[in-house]
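Chain by chain, the residues:
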Amino acid sequence: MAYKTETVAILGLGLIGGSLARALRENRFSQRFIGYGRRLPSLEQGVALGVIDEYTQDLGEAVSAADIIVIAAPTLVAADLLDEILALTDGHAHAPLVTDVASVKGNLHARAQRDDGTLPPNVVLGHPIAGSERSGVAASDARLFVNHRVILTPDVGNDPAAVDTIAAMWTATGADVVQMSVKDHDTVLAATSHLPHALAYALVDALAQSDASDDIFRFAAGGFRDFTRIASSDPVMWRDIAIANRDALLSAIDTFGEHLAILREQVAASDADGMEATFTRAKTARDEFAAILAQRQRGH
Ligand SMILES: NC(=O)c1ccc[n+]([C@@H]2O[C@H](COP(=O)([O-])OP(=O)(O)OC[C@H]3O[C@@H](n4cnc5c(N)ncnc54)[C@H](O)[C@@H]3O)[C@@H](O)[C@H]2O)c1
Ligand SMILES: O=C(O)C(=O)C[C@]1(C(=O)O)C=C[C@@H](O)C=C1
């Protein structure tokens, strides 16, 4: 089978960039993978693991060698890299396609926008809704995106052929590609991903700082483990997400705070009916979500 594209450059070779390179290699989407990054050991490890074929620490070199550039660094760094790429490629007739995997789209969209409000034809922003609390190229996995959603946020100015190619790239990994506006993406992800991470970090931090923290961690079991797994995620990644999606995250935290205040009142008043109603509504919604998730994992 012919390759769809020749060379993909991954800028920031960690869990997501490494997993994408592995998946695209396995599925013969591209045949050559170049890593670009700050940390030499990650790049060397990427070559040793067969995730990338070569690496460079010269951004211009990575950009000029690639058909597709995937920015896979933490969210705020990703925006700076996008600026640098645009400066290198602006006005080029054969500029490579540029995409990203960052968890927030608004800040990257703002950086990519031209004075007339349009996006450059070749810059198609995206976000795979798959990952884990682990980071680094050693944790990368070719099957990470199988049966997971990838959200693309194409906008006015984008070349439809570029959008199709980036969609085909993700489809090759086994993902299910959907499109959304940047605003909707950032609002939805604030609620479904950024808020849960903020809560998990806040809960573990609060308990770790309490006087009884030794006992708390000694006797905590499955419930605590399930609720807090994501507090083991990379602090820099989540710092960047909280800064980049500040307003939507604040709004999600406030809405949650209102619901927590109601539950607090129900607990304080031993309001059995109120608590049962809250917990029943939540259980019904969570059970429905679990069923949808199971269906998606079976590839439906
Ligand atoms: N981890 C997840 O679950 C997940 C899921 C979807 C999207 N994302 C997004 O994907 C991106 C990467 O996350 P990850 O989990 O792969 O993180 P990671 O820490 O595993 O990888 C990030 C890589 O970027 C590199 N990097 C940092 N600063 C850099 C710079 N200035 N220039 C070049 N490279 C630099 C790091 O050295 C590292 O190799 C983030 O934007 C994150 O928000 C993460
Ligand atoms: O499964 C996890 O550990 C994740 O945190 C993955 C997760 C999520 O919140 O679902 C985290 C950040 C991303 O931008 C997308 C996916």
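Note that the coordinates shown come from a computational prediction; the quantities given were computed from them, not determined experimentally.

**Side note on the overall build of the protein chain**
- Along its length, the protein chain carries 12 helices and 9 strands.
- Relative to the globule expectation of 19 Å for 300 residues, the C-alpha radius of gyration of the protein chain, 21 Å, shows essentially globular dimensions.
- Taking the principal axes of its C-alpha atoms as reference, the protein chain extends roughly 70 × 45 × 35 Å.
- Residues classed as buried in the protein chain amount to 40% of the 300 residues present.
- Intrachain contacts of the protein chain at a sequence separation of at least 6 include 74% that bridge at least 24 residues.

**Here's the deal with the pattern of salt bridges**
- Inspection of every chain in the model, using the stated rule, returns 12 salt bridges.
- R111 serves as the salt-bridge partner of D83, at 2.5 Å between the closest nitrogen and oxygen. Note that D83 is positioned in helix 4 (residues 75-89) and R111 in helix 5 (residues 106-112), a separation of 28 residues in sequence.
- In this structure R111 comes out as partly exposed when scored by relative accessible area, which is 33%.
- Shared partners join several salt bridges into a network, and the residues in it are D80, D83 and R111.

**Section: the site of ligand 1**
- If you check the shell around ligand 1, you find 25 residues, and the closest are L15, I16, A73, S103 and G136.
- Within the backbone of I16, an N or O atom sits 2.8 Å from an oxygen atom of ligand 1.
- In this structure, an oxygen atom belonging to ligand 1 sits 2.7 Å away from a main-chain N or O atom of G136.
- In isolation ligand 1 has 820 Å² of accessible area, and contact with the protein removes 89% of it.
- For the shell around ligand 1, the class distribution of residues is 14 nonpolar, 10 polar and 1 charged.

**Re the nonpolar core**
- Core analysis: the biggest nonpolar cluster contains 33 residues, and I68, V70, F145, I166, M169 and W170 have the highest contact counts within it.
- Those elements giving two or more residues to this core turn out to be strand 1 (5-11), helix 1 (15-26), strand 4 (68-71), strand 8 (149-152) and helix 6 (160-172).
- In terms of nonpolar packing, the next biggest core, distinct from the first, is built from 24 residues, A73, A78, L86 and A102 among them.

**Regarding the domain arrangement of the protein chain**
- Partitioning the protein chain into domains gives domain 1 (5-180) and domain 2 (185-269).
- The C-alpha-based centres of domain 1 and domain 2 are spaced at 29 Å.
- Domain 1 puts 17 residues into the contact, and the matching count from domain 2 is 15 residues.
- Summed over both partners, the interface of domain 1 with domain 2 buries about 1,300 Å², with 68% contributed by carbon and sulfur atoms.
- One salt bridge connects E133 with R229, and the closest N-O pair in it is separated by 2.5 Å.
- If you look at where domain 1 meets domain 2, you find 5 residue pairs in polar contact (both at pLDDT 80 or more).
- Secondary-structure elements contributing two or more residues to the side of domain 1 that touches domain 2 are helix 4 and helix 5.
- With 3 residues, helix 4 is the single largest residue contributor to the side of domain 1 that touches domain 2.
- Here the residues of the side of domain 1 that touches domain 2 are counted per class, giving 7 nonpolar, 8 polar and 2 charged.

**Some thoughts on the environment of I166**
- Mapped onto the elements of the fold, I166 is located in helix 6.
- Expressed as a C-alpha distance, the spacing of I166 and V124, which sit 42 residues apart in the sequence, is 7.3 Å.
- In this view, I166 contacts I68, L97, T99, V124 and L152; residues no more than four positions away in its chain are not counted.

**Comments concerning the packing of aromatic side chains**
- By the definition in use, this model includes 2 aromatic pairs.
- An angle of 85 degrees between the planes, with centres 5.0 Å apart, marks the rings of F145 and W170 as edge-to-face. One end of the pair, F145, is in the loop between strand 7 (126-128) and strand 8; the other, W170, is in helix 6, with 25 residues separating them in the sequence.

**Observations concerning unusual backbone geometry**
- For R28, which is not glycine, the phi torsion reads 55 degrees and is therefore positive.
- Topologically, R28 is positioned in the loop between helix 1 and strand 2 (30-36).
- Here the phi dihedral of N147 falls at roughly 60 degrees; this positive angle occurs in a residue that is not glycine.
- Its place among the elements puts N147 in the loop between strand 7 and strand 8.

**Digging into the environment of V70**
- Structurally, V70 can be placed in strand 4.
- Between the alpha carbons of V70 and A242 there is a distance of 22 Å; along the sequence they are 172 residues apart.

Here is what the cut-offs are and how they apply
- Residues numbered from 1 in each chain as written.
- Chains lettered and ligands numbered in written order.
- Predicted model: local features only at pLDDT ≥ 70, side-chain atom pairs only at ≥ 80, totals over all residues.
- Heavy atoms only, no water.
- Helix = DSSP H or I, 4+ residues; strand = E, 2+ residues; numbered from the N terminus.
- Rg over C-alpha atoms; globule rule 2.2 N^0.38 Å.
- Buried < 20%, exposed > 50% of the residue type's maximum accessible area, 1.4 Å probe, protein only.
- Contact = heavy atoms within 4.5 Å.
- Salt bridge = Lys/Arg side-chain N within 4 Å of Asp/Glu carboxyl O.
- Near = heavy atom within 4 Å.
- Polar contact = N/O pair within 3.5 Å; in protein donor to acceptor, adjacent residues only side chain to side chain.
- Areas by Shrake-Rupley, 256 points an atom, 1.4 Å probe, with all protein chains shown as cover.
- Nonpolar A, V, L, I, M, F, W, Y, C, P; charged D, E, K, R; others polar.
- Core = buried A, V, L, I, M, F, W, Y, C linked by side-chain atoms within 4.5 Å.
- Domains from an automatic or database assignment.
- Buried area = accessible area lost by both parts, 1.4 Å probe.
- Phe/Tyr/Trp six-rings, centres within 6.5 Å; stacked < 30°, edge-to-face > 60°.

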